[in-house]
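Single-letter residue listing:
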Amino acid sequence: MGKTVNHIPYWQRLWSYLSPVVLDSITSDINENLEVLLVRGHIQLCTQRAVYSYEHKYENFRLLFEKLDFAKFKGEKILLLGLGLGSIIQILDSIKKNLKYTAVELDEEVIYLAETHILKHLHVDLQVICNNAHHYVQVTEEKYDMICMDVFIDDWIPDEFLTLDFCLGLKSILSESGIVIFNTPAFSKKSANTSHRFFTNHFKNAFSGAQLIDVHKNYMLLSHSDLL
């Protein structure tokens, strides 16, 4: 599923199958260390403890999207909360064309890296907004057909996003037949328990038809199961 961007020289792609190639390294006020690596032919954005983006090999969303029936998805307006390098856009664009993307990302350096290494090579309708995702959900007047929540700092989700109020905020900006996809960590017993409590106590209270899908050390929370 999906195609990698092809601006990387062949020799670098070949070498990356032997050892990761560092394409960029930067520090920001939000992320202490951000590295763009070429790993087995694909561009990856990572911090010390987490992978933020990995082209179409970003497996939590890739595996989830493979389970969804996009023939049933009639919308076009996609909201991404958390940008990374744009893996979700790459994967979705390979499944369904002519979607309209809005990406909200707090870290200016992440936006810079995304635009430098991936976004300028894509041919999609995309608006990138530098803002806090929590604030954007509170103030936007737009309605979205799909909301992909993918906000992390390293391998944890800030507490302000793990509340019933935030889930209700997502619901308030969702179109009538829209869907929320909320990425939560499950790479350890502790993180899995925390994510499961959030699903049970908050997410499911906001979305009565919610589903939890276990994929690749993550729990993907769906507001409803209509696309499954």
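Residues numbered from 1 in each chain as written. Predicted model: local features only at pLDDT ≥ 70, side-chain atom pairs only at ≥ 80, totals over all residues. Heavy atoms only, no water.

(A) Geometry of the packing of helix α2 (residues 59-67) against helix α3 (residues 87-95). Running from N to C, α2 and α3 cross one another at 25°; their axes reach a closest spacing of 10 Å. As the angle between them shows, α2 and α3 are arranged roughly parallel. When the axes of α2 and α3 are compared, the crossing they make is right-handed. Taken together, the residues of α3 that come into contact with α2 (itself represented by F61, R62 and F65) are I88, I91, L92 and I95. Looking at the contact of α2 with α3 residue by residue, the classes come out as six nonpolar, no polar and one charged. (Axes fitted to C-alpha atoms, helices over the stretch in contact; angles between N-to-C directions. Helix = DSSP H or I, 4+ residues; strand = E, 2+ residues; numbered from the N terminus. Parallel < 35°, antiparallel > 145°, perpendicular 65-115°, else oblique. Left-handed = near helix turned anticlockwise from the far one by under 90°. Contact = heavy atoms within 4.5 Å. Nonpolar A, V, L, I, M, F, W, Y, C, P; charged D, E, K, R; others polar.)

(B) Geometry of the nonpolar core. Counting residues in hydrophobic clusters, the biggest one holds 79 residues, and the most contacted among them are F65, L81, M146, I181 and F203. Aside from chain neighbours lying at most four places away, what touches F203 is C167, V180, F182, F198, A210, L221, L222 and S223. (Core = buried A, V, L, I, M, F, W, Y, C linked by side-chain atoms within 4.5 Å. Buried < 20%, exposed > 50% of the residue type's maximum accessible area, 1.4 Å probe, protein only.)

(C) Structural detail: the side chain of N31. Mapping N31 onto the fold places it in the loop between β1 (21-26) and β2 (34-39). At 2.7 Å, the side chain of N31 and the side chain of D107 are in polar contact. If we skip the residues at most four places from it in the chain, N31 touches T47, Y52, D107, V110 and D154. (Polar contact = N/O pair within 3.5 Å; in protein donor to acceptor, adjacent residues only side chain to side chain.)

(D) Inspection of the sheet that holds strand β7 (residues 125-130) at higher detail. As summarised here, the arrangement of the seven strands in space is β7-β6-β5-β8-β9-β11-β10, forming an open sheet in which the pairing is mixed. Of all the strands in the sheet, the pair left with one neighbour each is β7 and β10 (211-215). With strand direction ignored, the average angle separating the axes of adjacent strands in the sheet is 15°. Of the strands in this sheet, β8 (144-149), β9 (174-185), β10 and β11 (218-222) are in contact with α2, which crosses β10 at around 125°. (Pairing = 2+ DSSP bridges.)

(E) Inspection of the pairing of strand β5 (residues 77-81) at higher detail. With four of five residues buried, β5 is to be regarded as a mostly interior element. Relative to strand β6 (residues 100-105), β5 runs parallel, the two being bridged by five bridges. The partner of L81 across the bridge, within β6, is V104. After leaving β5, the chain enters α3 and then returns to the sheet as β6, a path that is right-handed. Bridge analysis of β5 against β8 gives four bridges, and the strand direction is parallel. Considered in β8, the bridge of I78 is made with M146. (Right-handed = clockwise from strand over helix to strand, strands pointing away.)

(F) Fine view of the layout of surface pockets. Roughly 500 Å³ of internal volume is contained in the largest pocket. Its residues placed into classes, the lining of the largest pocket shows nine nonpolar, five polar and six charged. If you add up the space inside the second largest pocket, you get close to 340 Å³. If you go around the second largest pocket, you meet 22 residues; those closest to its centre are E105, L106, V151, F152 and I153. Here the residues of the lining of the second largest pocket are counted per class, giving 13 nonpolar, five polar and four charged. (1 Å grid on protein atoms, 1.4 Å probe; cavity = no way out; pocket = protein on both sides within 12 Å on 5 of 7 lines; lining within 4 Å. Points joined across faces, edges and corners; volume = space filled by probe spheres on them.)

(G) Structural context of the packing of aromatic side chains. Applying the stated rule across the entire model yields eleven aromatic pairs. Ring geometry for F161 and F166: centres 5.0 Å apart, planes at 80°, overall edge-to-face. F166 carries the same exposure label as F161, and that label is buried. Its relative accessible area of 2% is what places F166 among the buried residues. (Phe/Tyr/Trp six-rings, centres within 6.5 Å; stacked < 30°, edge-to-face > 60°.)

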